[in-house]
Amino acid sequence: MDAIVVEELTKYYGDLCAVDHVSFNVRRGEVFGYLGPNGAGKTTTIRMLSGLTRPSEGRALISGYDVLTEAVEVKRRVGVVPEVSNLYDELTVWENLKFISRLYHVPRAEREGRIRELLEMFSLWDRRGKRFRRLSRGLKRRVILAAALVHDPEVLFLDEPTTGLDVVSARGLRSLVRELRGMGKTIFLTTHYIEEADQLCDRIAIIVRGRITALDAPEGLKSKAGARYVVEVELSREPPQGLLEALRRLGGVETEGLHLRLSTDRPQEVLRLLPEEASKAGLRLVSVRTRGITLEDAFLELTGLSPEVMRMEKGGG
Amino acid sequence: MLRDELEGIYAILIKDLKAYYLKPPNISWGILFPIALALAFTLRNPQGLRDLAPGLVAMAALFGTTSMEAIVVTFEKRVGALERLFMAPLTHTSILLAKVLGGAVFGGFISAVMTLLCFTLLGMRIPHPSLYVAGLSLSLLTLSALGALIAFSVREVFEAQTLSNYFRFPMIFLCGVFIPVGRLPLPLRVVAYMLPLTYTVEALRASTSSPVHLSPLLDLVILTFFLVVFLLLTHRAMRRVFD
């Protein structure tokens, strides 16, 4: 049985369709990425799958339990790391985890041992007596993750887990996600960081304006983009139409000021043609770089959205 | 399972008491508010205040239950902490009951302080203690459910406070706290009988053997009716928050 089954799941807020008939399955033990820009419907999907918000249409099952009719059973089986660190400021780390363990009906005999195990796993043992509000943002995220695991859930929902974290904390959190995957947890991860999805996920669904536009393994998405290489060029001045026409015969071309980006399966031909055409147009090549296609390129090809726009919307990556 | 739900209610109640209600500023307010109120009346008119005592206890219950609870619920709603409760494997009813109990326990503490002061300063006596406990407990739950309804119906803390005052101040003047309901003009008397605090004051007055207009049993039945209505309306307001 799949850990998550989603069929035509839809959510309307008034006239706005936040999630528009999405369907997918998540296998047990899989890290499933839900990648999309801000406002694409990622958080709304998690809220519906975790039993927090009622779907308007469609169906979703978590470990075989319906999120609409068996919400309490669903909640027993999932752990959620929301985008905001919403534990209780006035309680200590230990008190917060103890409260959550009671809320999730962890047997009394197992409670303290389980909390200790998690605090040690997340290097929080020394900070167990500290009030939640006194922790750094990175430490708060770790406590939130520990809180989501205190009842040993089958499925873990991580909503933008590294947003707002510094580089070191984000890296630490990603390695924790890898550890959890090693423990066999099914992980549903929403992110707007393309690299993060590429590094962590077995499969990725790309969601734009509430609809899934592509779903595959990272390598599959890259191959769907239609080209295997990218040639990035910086020119001495803006490229004339003639040069662009010549290059379009070899692949997809995009320009931004003095920069030119060409997705192609024939990089050697591009490298041969480029100096000739530049010389004809009276241009100088400032730099040329050839590389394999990344998930970011594939995202760009498949959605038409700029990865830069994704980063800007969330305040930088 | 009922046991899981009860455990969840208890966990939320203890968490709320620890994180919010039993903070030193609230405890001191809970003690000072009744002292100030009781002293003000004693100094103004030390004679014949025994009749006023049940009304003062009712007023302490009203402010005790609704004031902090509105802050707690709207604050948690704002910072997303309330959402954490809704993520847990608990029914909405259990979460609501836990929140209502939190307000009722805090209101009970303030009412207990006021009762003690009325005993010592105003000479209040309670010949029917079981009626006093039943009337006060039911009132605390009902008024706390009203506080929850207000808190779940608004977004901001100040909105909750403003809306609470729309209910609280008319209740103080119409529900027999200072002026017996029987002495009010007919239109105001009709309004008074539509407000829960009237039945709190009546039940408490009956327990102190003061003159009353209604049977104490009827007071308790009507308070229970208000409690059920407020709980149902709050339950609906809660669903709207997360849908």
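Here the structure is a predicted model, which is why all the values come from computation and not from measurement. (Residues numbered from 1 in each chain as written. Chains lettered and ligands numbered in written order. Predicted model: local features only at pLDDT ≥ 70, side-chain atom pairs only at ≥ 80, totals over all residues. Heavy atoms only, no water.)

Chemist: It is not clear to me how the nonpolar core should be interpreted in this structure. Could you clarify?
Modeler: Proteins that are soluble and globular tend to have nonpolar side chains buried together. Residue and element names in this part refer to chain A. Formed by 167 residues in total, the largest nonpolar core has its most connected members in Ile4, Phe24, Leu49, Leu145, Phe157 and Phe188. Aside from chain neighbours lying at most four places away, what touches Leu145 is Val81, Phe122, Leu156, Leu158, Leu173, Leu176 and Leu180. One finds Val231, Leu235, Leu262 and Val270 within the second-largest nonpolar core, a separate group that totals 16 residues. (Core = buried A, V, L, I, M, F, W, Y, C linked by side-chain atoms within 4.5 Å. Buried < 20%, exposed > 50% of the residue type's maximum accessible area, 1.4 Å probe, protein only. Contact = heavy atoms within 4.5 Å.)

Chemist: Looking at this structure, I do not really get a nonpolar patch on the surface. What am I missing?
Modeler: Together, B:Leu39, B:Leu43 and B:Leu121 line one region of the surface with nonpolar side chains, adding up to about 300 Å² of accessible area. Tracing the backbone through its elements, the reader meets B:Leu39 in helix H2 (residues 24-44). (Patch = residues over 30% accessible without salt bridge, like charges linked within 9 Å, V, L, I, M, F, W, Y side chains within 5 Å. Areas by Shrake-Rupley, 256 points an atom, 1.4 Å probe, with all protein chains shown as cover. Salt bridge = Lys/Arg side-chain N within 4 Å of Asp/Glu carboxyl O. Helix = DSSP H or I, 4+ residues; strand = E, 2+ residues; numbered from the N terminus.)

Chemist: Is there a simple way to think about the packing of aromatic side chains in this case?
Modeler: Within a pair of aromatic rings, the relevant descriptors are the distance that separates the centres and the angle that separates the planes. A full pass over the atoms with the stated rule returns 20 aromatic pairs over all chains. Both rings, one in A:Trp94 and one in A:Trp125, keep their centres 6.1 Å apart while their planes meet at 75°; by these two values the pair is edge-to-face. Highlighted residues: A:Trp94 in helix H3 (residues 93-103) and A:Trp125 in the loop between helix H4 (108-121) and helix H5 (137-149), separated in sequence by 31 residues. Take A:Trp94: its relative accessible area is 19%, and that puts it in the buried class. Taken together, B:Tyr21, B:Trp29, B:Phe33, B:Phe63, B:Phe106, B:Phe109 and B:Phe169 form an aromatic cluster joined through their ring pairs. If you follow A:Arg116 out to its NZ or CZ, it ends over the ring of A:Trp125, 4.1 Å from the centre. (Phe/Tyr/Trp six-rings, centres within 6.5 Å; stacked < 30°, edge-to-face > 60°. Lys NZ or Arg CZ within 6 Å of the ring centre and 35° of its normal.)

Chemist: Is there a simple way to explain the pattern of salt bridges in this structure?
Modeler: Between side chains of opposite charge, pairing is possible as soon as their charged atoms come close. Evaluated as defined, the whole model comprises 39 salt bridges over all chains. For the salt bridge of A:Arg203 with A:Glu30, the shortest nitrogen-to-oxygen distance reads 2.5 Å. Here A:Arg203, found in strand S9 (residues 203-208), pairs with A:Glu30, found in the loop between strand S2 (16-26) and strand S3 (31-35); they are 173 residues apart in sequence, far enough to count as distant. One exposure class covers both A:Arg203 and A:Glu30, and it is buried. Beyond isolated ion pairs, a larger network of salt bridges with shared partners links A:Arg28, A:Glu73, A:Arg76, A:Arg77, A:Glu154 and B:Asp4.

Chemist: What is the right way to read the packing of H3(A) against H4(A) from this model?
Modeler: The relative placement of two packed helices comes down to the angle between their axes together with the axis-to-axis distance. All names here are of chain A. At a minimum axis separation of 10 Å, H3 and H4 run at an interaxial angle of 130°. Taken together, the axes of H3 and H4 lie oblique to each other. Our pair here, H3 against H4, has a crossing hand that is right-handed. Residue-level inspection shows Val93, Trp94, Leu97, Lys98, Ser101 and Arg102 of H3 in contact with H4, the latter providing Arg111, Glu112, Ile115, Arg116 and Leu119. (Axes fitted to C-alpha atoms, helices over the stretch in contact; angles between N-to-C directions. Parallel < 35°, antiparallel > 145°, perpendicular 65-115°, else oblique. Left-handed = near helix turned anticlockwise from the far one by under 90°.)

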